[in-house]
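The lines below spell out each chain.
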Amino acid sequence: MTIKVLLADDQALLRSAFRVLVDSEPDMEVVGEASDGAQAYELARATVPDVVLMDIRMPGTDGLAATRMISEDPQLDGVRVVILTTFEVDDYVVRALRAGAGGFLGKGAEPDELIAAIRIAAAGEALLSPAATKGLIAKFLAQGEDGPAPGDRSDDDGARRLATLTGREREVLVLVAGGLSNDEIGARLEVSPLTVKTHVNRAMAKLGARDRAQLVVTAYETGLVRPRVQ
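Residues numbered from 1 in each chain as written. Predicted model: local features only at pLDDT ≥ 70, side-chain atom pairs only at ≥ 80, totals over all residues. Heavy atoms only, no water.

**As for the overall build of the chain**
To keep things clear, this is the line we draw: Only DSSP runs of H or I with at least four residues qualify as helices, and only runs of E with at least two residues qualify as strands; both kinds are numbered from the N terminus onward. Here's how the labels work: a residue is buried when its accessible area is under 20% of the maximum for its type, exposed when over 50%, partly exposed in between, all with a 1.4 Å probe on protein chains only. Residue-level accessible areas treat just the shown protein chains as cover; the underlying method is Shrake-Rupley with a 1.4 Å probe.
Counting its regular elements, the chain contains eleven helices and five strands. Counting across all 230 residues of the chain, residues that qualify as buried make up 47%. Accessible surface computed for the chain: about 10,800 Å², of which carbon and sulfur atoms make up 51%.

**Regarding the pattern of salt bridges**
This is how it is decided: By definition, a salt bridge exists where a carboxyl oxygen of Asp or Glu is found within 4 Å of a side-chain nitrogen of Lys or Arg.
Here the structure, examined in full by the defined rule, presents eight salt bridges. Between R119 and D27 there is a salt bridge; the shortest N-O distance is 2.8 Å. Taken together, the positions of R119 in helix 5 (residues 111-122) and D27 in the loop between helix 1 (12-23) and strand 2 (28-34) put the pair 92 residues apart, joining distant regions of the chain. You can call D27 partly exposed: its relative accessible area is 22%. The shortest N-O distance in the salt bridge between K206 and E169 comes to 2.8 Å. Taken together, the residues span a long stretch of sequence, with K206 in helix 10 (residues 193-207) and E169 in helix 8 (residues 167-177) at a distance of 37 residues. Since its relative accessible area comes to 3%, E169 is described here as buried. Look at the salt bridges and you will find they share partners, linking R15, R19, D23 and E33 into a network.

**Description of the confidence of the model for the chain**
What counts is decided by this rule: Each residue carries a pLDDT value, the predictor's own confidence for that position, ranging from 0 to 100. Any two residues having at least one pair of non-hydrogen atoms within 4.5 Å are treated as being in contact.
Taken residue by residue, the chain gives an average pLDDT of 81. The fraction at 70 or more is 81%. Here residues 144-153 scores under 50 on pLDDT; set against residues more than four positions off or in separate chains, the count is 14 contacts.

**Side note on the side chain of R161**
Note that R161 resides in helix 7 (residues 155-162). Note on R161: relative accessible area 13%, which makes it buried.

**Points about the side chain of T222**
For clarity, the threshold we go by: For the purposes of these results, a polar contact is taken to be a pair of N or O atoms within 3.5 Å, where, inside protein, one atom must be able to donate a hydrogen and its partner to accept one; residues adjacent in sequence count only when each atom of the pair is a side-chain atom.
Relative to the helices and strands, T222 is located in the segment after helix 11 (212-221). Residue classification places T222 among the buried positions, given a relative accessible area of 11%. Within the structure, the side chain of T222 is placed 2.8 Å from the backbone oxygen of T218, a separation counted as a polar contact. A polar atom in the side chain of T222 sits 3.5 Å from the backbone oxygen of A219. Those residues in contact with T222, other than ones at most four positions away along the chain, are G158, R161 and L162.

**A closer look at the pairing of strand 4 (residues 80-85)**
In plain terms, the rule: Orienting the strands away from the viewer, one traces the path from the first strand over the helix to the second; a clockwise path indicates a right-handed crossover. Any two strands with at least two DSSP bridges between them are considered paired.
A large share of strand 4 lies buried, amounting to six of its six residues. Covered by surrounding structure in strand 4 are R80, V82 and L84 together with V81, I83 and T85, the residues of both alternating faces. Handedness of the strand 3 (residues 51-55)-helix 3 (residues 63-71)-strand 4 crossover: right-handed. Taken together, the four bridges between strand 4 and strand 5 (residues 103-106) define a ladder with parallel strand orientation.

**What to know about the nonpolar core**
Going by this rule: Only buried Ala, Val, Leu, Ile, Met, Phe, Trp, Tyr and Cys residues count toward a nonpolar core, and they belong to the same one when joined by side-chain atoms within 4.5 Å.
Counting 24 residues, the largest nonpolar core has V52, M54, I70, V81 and I83 as its most contacted members. Of all the secondary structure elements, the ones that give two or more residues to this core are strand 1 (3-8), helix 2 (37-47), strand 3, helix 3, strand 4, helix 4 (91-99) and helix 11. Filtering out sequence-adjacent residues up to four positions away, I70 remains in contact with Y41, A44, V52, M54, L76, V79 and V81. A177, V216, A219 and Y220 belong to the second largest nonpolar core, which has 21 residues in total.

**Side note on helix 10**
Note the threshold: What a helix is expected to span follows from its residue count: subtract one and scale by 1.5 Å.
The first and last C-alpha atoms of helix 10 sit 21 Å apart over 15 residues, in line with the 21 Å expected at 1.5 Å per residue. Just past helix 10, the residue G208 takes up positive phi, approximately 70 degrees.

**Side note on the packing of helix 10 against helix 11**
To keep it simple, the criterion reads: Every axis corresponds to a line fitted to the C-alpha atoms, with the helix fit spanning only the stretch in contact, and the corresponding angles, defined between N-to-C directions, vary from 0 to 180 degrees. Here a crossing is called left-handed whenever its near helix is offset anticlockwise from the far helix by less than a right angle, and right-handed whenever the offset is clockwise. The classification used treats Ala, Val, Leu, Ile, Met, Phe, Trp, Tyr, Cys and Pro as nonpolar, Asp, Glu, Lys and Arg as charged, and all other residues, Gly among them, as polar.
Put simply, helix 10 and helix 11 touch, their axes get as near as 10 Å, and they point 65 degrees apart. Here the hand of the crossing between helix 10 and helix 11 comes out left-handed. Taken together, the residues of helix 11 that come into contact with helix 10 (itself represented by V200, A203, M204 and L207) are R212, L215 and T218. Taken together, the residues that form the contact of helix 10 with helix 11 break down as five nonpolar, one polar and one charged.

Following this line, the structure appears as structure tokens:
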């Protein structure tokens with residue numbers, strides 16, 4: 001099955017480089033290019049890609065707004081957004097995760113890393129390294145340096161949402177928020193990766209999360225996981 005990719009970046013040269021790279025893969029195809037967020041959203045509706053590579057800083061409608069528009073559109077429920085950024089530690093990245101992005105990747109990544117990121121996102125996995133999860137997300141999401149942001153929830157609401165989970169689902173959610181893969185969680189809990197995947201999927205359904213990245217956000221927002229900022 002071909003993975004359909006939409007490119008959104010205001011730099012034409014960068015888009016061209018990404019197109020050559022993506023189209024060189026036998027199971028991938030670039031279905032459109034956008035130079036700003038508004039165009040990215042319109043092209044997403046027209047082509048319904050599997051993955052959008054989204055630059056976060058673009059003129060006019062930026063990548064943050066475009067990500068939110070895509071994630072809130074029921075017709076684009078299966079579309080995964082990967083934020084491309086120059087800086088790994090950036091509060092805009094966390095805002096993008098809140099807005100519905102499935103993860104992020106530095107623009108300095110190697111070509112094979114970009115291709116791997118697209119496949120990970122298309123599979124619905126979270127493109128978040130343990131370092132990013134424990135550092136960037138904990139710092140900005142839990143501390144709330146810029147005040148309440150869209151998606152923040154009260155303690156009572158957080159408790160109600162967590163109450164829908166079983167004890168094992170909570171346990172798995174904590175480990176997901178710690179940046180562990182299904183294999184690593186399975187080894188920790190002495191269960192199969194398939195069983196872990198089932199718990200993850202059930203937790204996503206109960207919490208209304210699009211993917212694992214949203215589970216990480218939820219774990220911090222509800223207070224299930226507390227930050228350990230160095």
